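One-letter residues, chain by chain:
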Amino acid sequence: MVVTASISGVLKTILMLLGAMVVLKYLGQLMIAKRNIAEQSRFREEQDEIQKQKAYFERNKGKISILRNATPGNVNDVDYEEIN
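Residues numbered from 1 in each chain as written. Predicted model: local features only at pLDDT ≥ 70, side-chain atom pairs only at ≥ 80, totals over all residues. Heavy atoms only, no water.

Asker: Honestly, the overall build of the protein chain in this entry has me stumped. Any pointers?
Answerer: When its secondary structure is counted, the protein chain shows one helix and zero strands. Within the protein chain, the proportion of its 84 residues that are buried is 0%. Carbon together with sulfur atoms contributes 60% to the accessible area of the protein chain, which is approximately 9100 Å² in total. (Helix = DSSP H or I, 4+ residues; strand = E, 2+ residues; numbered from the N terminus. Buried < 20%, exposed > 50% of the residue type's maximum accessible area, 1.4 Å probe, protein only. Areas by Shrake-Rupley, 256 points an atom, 1.4 Å probe, with all protein chains shown as cover.)

Asker: Sorry if this is basic, but what is going on with the pattern of salt bridges here?
Answerer: Any two side chains of opposite charge can pair, on the condition that their charged atoms come close. Scanning the entire structure with this criterion turns up one salt bridge. A salt bridge links Glu46 to Arg42, with the nearest nitrogen and oxygen atoms 3.0 Å apart. Within this pair, Glu46 and its partner Arg42 are both found in helix α1 (residues 7-59), separated by four residues, close to a single helical turn. Under the relative-accessibility criterion, Glu46 is labelled partly exposed at 38%. (Salt bridge = Lys/Arg side-chain N within 4 Å of Asp/Glu carboxyl O.)

Asker: Which parts of the structure should I look at to understand a nonpolar patch on the surface?
Answerer: Taken together, the side chains of Val10, Ile14, Leu15, Leu18 and Met21 define a hydrophobic patch exposed on the protein surface, amounting to about 490 Å² of accessible area. In this fold, Met21 is placed in helix α1. Classification of Met21 by relative accessible area gives exposed; the value is 56%. (Patch = residues over 30% accessible without salt bridge, like charges linked within 9 Å, V, L, I, M, F, W, Y side chains within 5 Å.)

Right, here's the structure in full:
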């Protein structure tokens, strides 16, 4: 069995391979951009949460809060010492 290849068939195959490579490269770039945007959004949310916590702690610095319905895991007991 003799198989012959035509020049037009080889060129079509090469063009299809190049087209597939270009499409895959483009899709890869889109996926990288999407991941970077999601990571940036998550980072901003974390930074906002940190800023909110800092503001809350600064606002309540030195204040005492009494917990009414506290579970044993949420209570911090503090040792005291008598002053002469």
